Amino acid sequence: AVVSTQSTGSVGYVQCAEDVLVSLLGTIQSKSAYFLMNLRPHIQPTLYFTRHGETEFNMDGKIGGDSCLSENGRRYGEELGRFVREEGLSELPVWTSLMRRTLETGSYLPNTSVERYKALNELDAGQCDGLTYQQIETDYPEEFALRDLDKYNYRYPRGESYHDLCCRLEPVIMDLEKGGSVFVICHQAVLRCIVGYLLDIPVEEIPYIKIPLHTVIKIVPTAYGCEREDIKFGISSAITHRDKQSVESIEKRLIDAGINKVGSTYLWNGLLS
């Protein structure tokens, strides 16, 4: 079997045959090579993903933390359990993170095979953990702008970047590719990385993939890749997605904040020029 992909920009050209031939530049390309060299000649399984149910932190607009489910989050857990039973998915293994919100959501499922992965924990927001975006913009305006300028590579102080998270998830992705169907309950940033990888989305767009609450994402294999199907449950929840910001809006925020330190000089002379 021969698998080949071609794209523009930083991804480059990757070709894999029985003897793997790879010409790559950069981290994401090397991961693609690793993936291709681990491919098996069989039909890929259908994969099911969902975020945990809505949490109290979601309702308050806070990021990170380890809060419990809200009332609507618990309703979603109940409906998710019903969905799994009705769709005949009760025998699938369930993977969760170690965080309370995924464990609580998973407790509503009838499945008996449950594995917990630390690698599936949410992106670590470091010193910004437990804050709202408004609080981060007010208390750390330069950090807030830096993240908007390059969300994939930006690393929270004492925390992680999306690039770090993708590296952390590499063994999980390999397990997903090699195994059978599975039901994964995890987090927004984690699912952005996994879904982006499976659907071959450019890395700079990964932090902006929409992964809504109270939705099951079904990844179905096709002849030339995978397709995404969203199954929505109609249970209201907070909206945690934040759209990509324009450079002009970031520049205005920095001017309004009166930032003129060394870090912001880099912004003016580099990314904003």
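As shown above, the structure is provided for reference.
Calculation rules
- Residues numbered from 1 in each chain as written.
- Predicted model: local features only at pLDDT ≥ 70, side-chain atom pairs only at ≥ 80, totals over all residues.
- Heavy atoms only, no water.
- Core = buried A, V, L, I, M, F, W, Y, C linked by side-chain atoms within 4.5 Å.
- Buried < 20%, exposed > 50% of the residue type's maximum accessible area, 1.4 Å probe, protein only.
- Helix = DSSP H or I, 4+ residues; strand = E, 2+ residues; numbered from the N terminus.
- Contact = heavy atoms within 4.5 Å.
- 1 Å grid on protein atoms, 1.4 Å probe; cavity = no way out; pocket = protein on both sides within 12 Å on 5 of 7 lines; lining within 4 Å.
- Points joined across faces, edges and corners; volume = space filled by probe spheres on them.
- Nonpolar A, V, L, I, M, F, W, Y, C, P; charged D, E, K, R; others polar.
- Pairing = 2+ DSSP bridges.
- Axes fitted to C-alpha atoms, helices over the stretch in contact; angles between N-to-C directions.

A.B. asks: Please clarify how the nonpolar core should be interpreted in this entry.
C.D. replies: Within soluble globular proteins, side chains that are nonpolar tend to cluster in buried spots. With 40 residues, the main nonpolar core has Phe49, Leu120, Leu169, Leu176 and Ile194 as its most contacted residues. The leading source of residues in this core is helix 7 (residues 162-178), at eight residues. Discounting chain neighbours no more than four positions away, the residues touching Phe49 are Leu176, Val184, Leu191, Ile194, Leu198, Thr215, Val216, Ile217 and Ile219. Listed in part, the 15 residues of the second largest apolar core include Leu80, Phe83, Leu92 and Ile231.

A.B. asks: In this structure, what is going on with empty space enclosed by the protein? I would like to understand it.
C.D. replies: Any space left empty among the atoms is revealed by the rolling of a water-sized probe across them. The final tally for this structure, using the stated rule, is two cavities of 30 Å³ or more. Its boundaries defined by the atoms lining it, the second largest cavity holds a volume of some 70 Å³. Forming the boundary of the second largest cavity are Tyr133, Ile136, Glu143, Phe144, Arg147, Asp148, Lys151, Tyr154, Tyr156 and Arg242. Looking at the lining of the second largest cavity, the elements with two or more residues in it are helix 5 (133-139) and helix 6 (141-149). Looking at the lining of the second largest cavity element by element, the count peaks at four residues for helix 6. Tallied by class, residues from the lining of the second largest cavity come to five nonpolar, no polar and five charged.

A.B. asks: How should the sheet that holds strand 4 (residues 47-51) be read in this particular structure?
C.D. replies: Neighbouring strands of a sheet are bound in pairs by backbone hydrogen bonds; such pairs are parallel or else antiparallel. Pairing in this open sheet of six strands is mixed, and the strands run 6-5-7-4-8-9 from one edge to the other. Looking at strand neighbours, the two that pair on one side only are strand 6 (114-116) and strand 9 (225-232), the edges of this open sheet. Recorded for the sheet is a direction-independent mean angle of 20° between the axes of neighbouring strands. Direction of pairing for strand 4 relative to strand 7 (residues 182-186): parallel, over a ladder of five bridges. Opposite Arg51, over in strand 7, you have Cys186 as the bridge partner. Against the sheet, helix 7 touches strand 4, strand 5 (94-96) and strand 7, its axis set at about 170° to strand 5.

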